[in-house]
Amino acid sequence: NAGVTQTPKFRVLKTGQSMTLLCAQDMNHEYMYWYRQDPGMGLRLIHYSVGEGTTAKGEVPDGYNVSRLKKQNFLLGLESAAPSQTSVYFCASSLGGAGGQNIQYFGAGTRLSVL
Amino acid sequence: AQSVTQLGSHVSVSEGALVLLRCNYSSSVPPYLFWYVQYPNQGLQLLLKYTSAATLVKGINDFEAEFKKSETSFHLTKPSAHMSDAAEYFCAVRGAGGTSYGKLTFGQGTILTVHP
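(A) Focus on the nonpolar core. Counting 27 residues, the largest nonpolar core has Trp35, Leu47, Leu48, Phe74, Leu76 and Tyr89 of chain B as the members making the most contacts within it. Listing elements by their share of this core, those giving two or more residues are strand E2 (10-14), strand E3 (19-26), strand E4 (31-38), strand E5 (44-50), strand E7 (64-68), strand E8 (73-78), strand E9 (87-95) and strand E11 (110-115) of chain B.

Quick look at the structure:
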């Protein structure tokens, strides 16, 4: 019963390098989300997806791209990493819909440092 | 638009003492409200949720929260703190409308320290 799995767990990049963070869920959830967590700022939504093949911008999308080619996977890409993107990244998934059962389940996070 | 304010970035209590973590929200529609807990180096885990049923909500590990519409608050309490409660706690709000796509707005977080 894996739930939401994020890879990698840690990564160090140099400024200008690119990388992709992978999120996989095994709960057949429709909605998936990428957040970043910075001290004193809570979690802020980067991008989200309400179904396979769809993506939308969240609160802080600049410098990131996403893809949802398969329902169970949601990829977050950094094309040219900047030190301001040093953060902890969390992926979440949920059933979808407007009701009270639309609860988000989170992965364990990816710690990214950009030097 | 919706927002969440958690009063106090750090709260310190003694083991066995009452835990009170404060959360106030603003929302243009009747909200769904959540408390999540994050233990060190882990993801967020749902503690409890308010979804317009009972205003007093019970969660895991003896935590509970009361939705007070007149005060726009959803404070988290636990009668007796345990060392294992030391963690960071996040309050979050979600609009009940379909166009919200389940998006959560989080507060800044409150770090709870429990002293022996």
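Right, picking up where we left off after that structure.
(B) Broad picture of the sheet that holds strand E3 (residues 19-25) of chain A. All names here are of chain A. The four strands are arranged E1-E3-E8-E7 in an open sheet whose pairing can be described as antiparallel. The open sheet has two free edges, formed respectively by strand E1 (4-7) and strand E7 (65-67), since each of these has just one partner strand. When the angles between neighbouring strand axes are averaged without regard to direction, this sheet yields 20°. In terms of strand pairing, E3 meets strand E8 (residues 73-78) through six bridges, oriented antiparallel. Residue pairing across strands places alanine 24 opposite asparagine 73, the latter belonging to E8.

(C) Geometry of the pairing of strand E4 (residues 31-37) of chain A. Residue and element names in this part refer to chain A. When you tally the buried positions in E4, you get seven out of seven residues, the bulk of the element. Here E4 shows no split at all, with Tyr31, Tyr33, Tyr35 and Gln37 on one side and Met32, Trp34 and Arg36 on the other all buried. By the bridge criterion, seven bridges tie E4 to strand E9 (residues 87-94) in an arrangement that is antiparallel. Pairing of tryptophan 34 across the sheet is with cysteine 91, part of E9. With antiparallel pairing between neighbouring strands as the criterion, E4 and strand E5 (residues 43-49) make up a hairpin whose turn holds five residues, including glycine 40 at a positive phi of roughly 75°.

(D) Layout of the pairing of strand E1 (residues 3-7) of chain B. Residue and element names in this part refer to chain B. Side chains Val4 and Gln6 project from E1 onto a buried face, and the interleaved Ser3, Thr5 and Leu7 project onto a face without burial. Summarising the sheet, E1 and E3 pair through five bridges and their orientation is antiparallel. Bridging across to E3, threonine 5 finds its partner in asparagine 24.

(E) Main features of the sheet that holds E3 of chain B. All names here are of chain B. Strand order across the open sheet formed by five strands is E1-E3-E8-E7-E6, with antiparallel pairing between neighbours. On the outer flanks of this sheet lie E1 and strand E6 (56-58), each paired with one strand and no other. Here the strands of the sheet are splayed against their neighbours by 20° on average, with no regard to which way each runs.

(F) Expanded view of the pattern of salt bridges. Scanning the model with the defined rule gives five salt bridges over all chains in all. Ionic pairing is found between arginine 44 of chain A and aspartate 38 of chain A, a salt bridge with its closest N-O pair at 2.8 Å. Here the two residues arginine 44 of chain A and aspartate 38 of chain A agree in accessibility, since each one is buried. One salt bridge connects lysine 78 of chain B with aspartate 85 of chain B, and the closest N-O pair in it is separated by 2.8 Å. Given the relative accessible area of 7%, lysine 78 of chain B is considered buried. Exposure remark for aspartate 85 of chain B: the relative accessible area of 2% places this residue in the buried category.

Calculation notes
- Residues numbered from 1 in each chain as written.
- Chains lettered and ligands numbered in written order.
- Predicted model: local features only at pLDDT ≥ 70, side-chain atom pairs only at ≥ 80, totals over all residues.
- Heavy atoms only, no water.
- Core = buried A, V, L, I, M, F, W, Y, C linked by side-chain atoms within 4.5 Å.
- Buried < 20%, exposed > 50% of the residue type's maximum accessible area, 1.4 Å probe, protein only.
- Helix = DSSP H or I, 4+ residues; strand = E, 2+ residues; numbered from the N terminus.
- Pairing = 2+ DSSP bridges.
- Axes fitted to C-alpha atoms, helices over the stretch in contact; angles between N-to-C directions.
- Salt bridge = Lys/Arg side-chain N within 4 Å of Asp/Glu carboxyl O.

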